[in-house]
Amino acid sequence: VQLVESGGGLVQPGGSLRLSCAASGFTFSNYAMSWYRQAPGKGRELVARINSAGISTNYADSVKGRFTIARDNAKNTVYLQMNSLKPEDTAVYYCMGYISKYDYWGQGTQVTVSS
């Protein structure tokens, strides 16, 4: 199993970024996928989750209405569209899949929101 995130960077408050997570080594379309984040000095928190078909989604209250999780099962990729970014969104963002009773994580991608 391999999860590779991309798309992070430095953005001004109010800006947007789209994160991608390319998956391989398992049947992607069979599993729900999630995005987590970890800010400096804080624990890792769930940001968003999407079911295997891409129909059902869940979000942390702090990102509802600003972030959108989506997936393309033909491309084995899950996305996180982040709009109206705030400084408190600054964190390392991780893609995660619970696959065959194990948690698999990507290496993370840094998102920094600052003027």
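Details of the structure are given in the entry above.
Residues numbered from 1 in each chain as written. Predicted model: local features only at pLDDT ≥ 70, side-chain atom pairs only at ≥ 80, totals over all residues. Heavy atoms only, no water.

Draft legend 1. Summary view of the environment of alanine 60. Assignment of secondary structure puts alanine 60 in the loop between strand E6 (57–59) and strand E7 (67–72). For alanine 60, a relative accessible area of 16% puts it in the buried group. Linking alanine 60 and serine 100, residues 40 residues apart in sequence, is a C-alpha distance of 25 Å. Apart from the residues lying within four places of it in its own chain, the contact partners of alanine 60 are Leu46 and Val47. (Helix = DSSP H or I, 4+ residues; strand = E, 2+ residues; numbered from the N terminus. Buried < 20%, exposed > 50% of the residue type's maximum accessible area, 1.4 Å probe, protein only. Contact = heavy atoms within 4.5 Å.)

Draft legend 2. The pattern of salt bridges, seen in detail. One pass over the structure, following the stated rule, counts 4 salt bridges. With a shortest N-O distance of 2.7 Å, aspartate 89 and arginine 66 are connected by a salt bridge. With aspartate 89 in the loop between strand E8 (77–82) and strand E9 (91–99) and arginine 66 in the loop between E6 and E7, this residue pair connects regions lying 23 residues apart in the sequence. We note that aspartate 89, like arginine 66, is buried. Linked by salt bridges that have partners in common, Arg37, Glu45, Arg66 and Asp89 make up one network. (Salt bridge = Lys/Arg side-chain N within 4 Å of Asp/Glu carboxyl O.)

Draft legend 3. Region of the structure containing the nonpolar core. In terms of nonpolar packing, the biggest core is built from 27 residues, with Trp35, Val78, Leu80, Met82 and Tyr93 touching the most fellow members. For this core, the secondary structure elements donating two or more residues are strand E3 (17–24), strand E4 (33–38), strand E5 (44–50), E7, E8, E9 and strand E11 (109–113). Ignoring anything within four residues of it in the chain, the contact list for methionine 82 reads Gly15, Ser16, Leu17, Leu19, Arg66, Phe67, Tyr93 and Val111. (Core = buried A, V, L, I, M, F, W, Y, C linked by side-chain atoms within 4.5 Å.)

Draft legend 4. View of the packing of aromatic side chains. This structure, assessed with the given rule, holds 4 aromatic pairs. Both rings, one in phenylalanine 26 and one in tyrosine 31, keep their centres 5.9 Å apart while their planes meet at 65°; by these two values the pair is edge-to-face. When its relative accessible area of 13% is taken as the criterion, phenylalanine 26 is described as buried. With relative accessibility at 22%, the residue tyrosine 31 sits in the partly exposed group. The rings of Phe26, Phe28 and Tyr31 are connected pair by pair, giving a single aromatic cluster. Just above the ring of tyrosine 94 sits the side chain of arginine 44; from NZ or CZ to the centre is 3.8 Å. The lysine or arginine in question, arginine 44, covers the ring of tryptophan 105, its NZ or CZ lying 4.5 Å from the ring centre. (Phe/Tyr/Trp six-rings, centres within 6.5 Å; stacked < 30°, edge-to-face > 60°. Lys NZ or Arg CZ within 6 Å of the ring centre and 35° of its normal.)

Shape is all these values report; function is a separate question.
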